[in-house]
Amino acid sequence: MMNNRFNSDAFLLAELQNGSEQAFNFIFRKYYEGLCFKANGYVNDIDKAQSLVQDCFIKLWEKRDNTEKINNLSAYLSFMVRNRCIDYIRKSESIKNLHDSIAPCQDKNDVECTFISEEFETWLMYKITLLPKKSRIAFEYSRFEDLTYNEIALKMNISNKAVEALISRSLRILRKDLQLYLPFLIYFLLK
């Protein structure tokens, strides 16, 4: 009898909203494999696909109080995974473009270039630690944990606009300090 009820997504969602780990585990087992297959279609890397799907299930658990808004669990999870994969691909492309722009320097196998690159990375990490606390936390969530503004807002218990302002402030501070390294980077990239 219990198993038949667990086949109903409406029942599972109601139980999940009440904090039932058993319902969550059942949802996970029911949808995990199919969602991994779907995610792998986007990212072509089964390990990354599994990680992205697990992120979505973590988010589902964290937002279990709002499951009454979900009408179709399968479609909701599928949409969630699709969006997570697209976010991952966008961020991967940004990182790839950055590496491609630095590649001419690295191809030269130049000791000076390597030194400047390492010094720049050390400096950047140091400057991030000096950001105002809330700005630093929002920036790190955004850049290092790949969280969306909405996810950051929920974690920090602030509005999306506040997150946007904090990250903008961080970028403005870092850009200002980055200008000191710009001539060196240009010199070594064009050398």
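In case you missed it, the structure is sitting above this.
Per-chain numbering applies: the sequence of each chain, read as written, is numbered from 1 onward. Reporting in this predicted model follows two pLDDT cut-offs: at least 70 for local features of residues, and 80 or more for side-chain atom pairs to be given and counted; totals over whole chains, interfaces and linings ignore these cut-offs and use all residues. No hydrogens and no water enter the side-chain calculation; it runs on all heavy atoms of the structure.

Before we move on, could you go through a positive patch on the surface and cite the residues and values that matter?
In this scheme, patches are assembled from residues that exceed 30% relative accessible area and form no salt bridge. Like charges are connected within 9 Å, while nonpolar side chains (Val, Leu, Ile, Met, Phe, Trp, Tyr) are connected within 5 Å. Reported accessibility uses the Shrake-Rupley method at a 1.4 Å probe radius. Residues are deemed covered only where the shown protein chains occlude them. Whenever Lys or Arg places a side-chain nitrogen within 4 Å of a carboxyl oxygen from Asp or Glu, that contact is recorded as a salt bridge. Charge counting treats Lys and Arg as positive and Asp and Glu as negative, with His and both chain ends excluded. Where a charge lies is defined by one atom per residue type, namely NZ (Lys), CZ (Arg), CG (Asp) and CD (Glu). Among the surface-exposed residues, R143, R169, R172 and R175 lie close enough to one another that they form a single positively charged patch. Counting from the N terminus, the helices are DSSP H or I runs at least four residues long and the strands are E runs at least two residues long. Looking at which element gives the most residues to the positive patch, the answer is helix α9 (residues 160–178), with three residues. With respect to the element layout, R172 can be found in helix α9.

Could you give an account of the nonpolar core, naming the residues involved and the relevant values?
Among soluble globular proteins, nonpolar side chains are generally buried collectively. Within this scheme, the nonpolar core is defined by two criteria: the residues are buried Ala, Val, Leu, Ile, Met, Phe, Trp, Tyr or Cys, and they are joined through side-chain atoms within 4.5 Å. Type-normalised accessible area, obtained with a 1.4 Å probe on protein chains alone, sets the label of each residue: buried when under 20%, exposed when over 50%, and partly exposed for intermediate values. Ranked by size, the top nonpolar core spans 25 residues in total, and within it I27, V53, F57, L60 and L77 carry the most contacts. Within the residue set of this core, elements represented by two or more residues are α2 (9–17), α3 (21–43), α4 (46–62) and α5 (73–107). With 10 residues, the top contributor of residues to this core is α3. By definition in these notes, contact holds between two residues if any of their heavy atoms fall within 4.5 Å. Ignoring sequence-local partners within four residues, the contact set of L77 consists of I27, Y31, L35, F57 and L60. Counting nine residues, the second-largest nonpolar core is a separate cluster that includes A138, A153, L166 and I167.

Describe the packing of aromatic side chains, listing the residues and the values that go with them.
Here is the rule: rings of Phe, Tyr and Trp (six-membered ring for Trp) pair when centre to centre is within 6.5 Å. Planes less than 30 degrees apart are stacked, more than 60 are edge-to-face, and the remainder are tilted. Using the criterion set out here, one finds four aromatic pairs in the structure. On the basis of an interplanar angle of 25° and a centroid distance of 4.6 Å, the ring pair of F28 and Y32 is categorised as stacked. Here F28 pairs with Y32, and both are found in helix α3, just four residues apart, close to one helical turn. F28 sits in the partly exposed class, given a relative accessible area of 27%. By relative accessible area, which is 17% here, Y32 ends up buried. Arranged with centres 4.8 Å apart and planes meeting at 65°, the rings of F28 and F57 form a pair that is edge-to-face.

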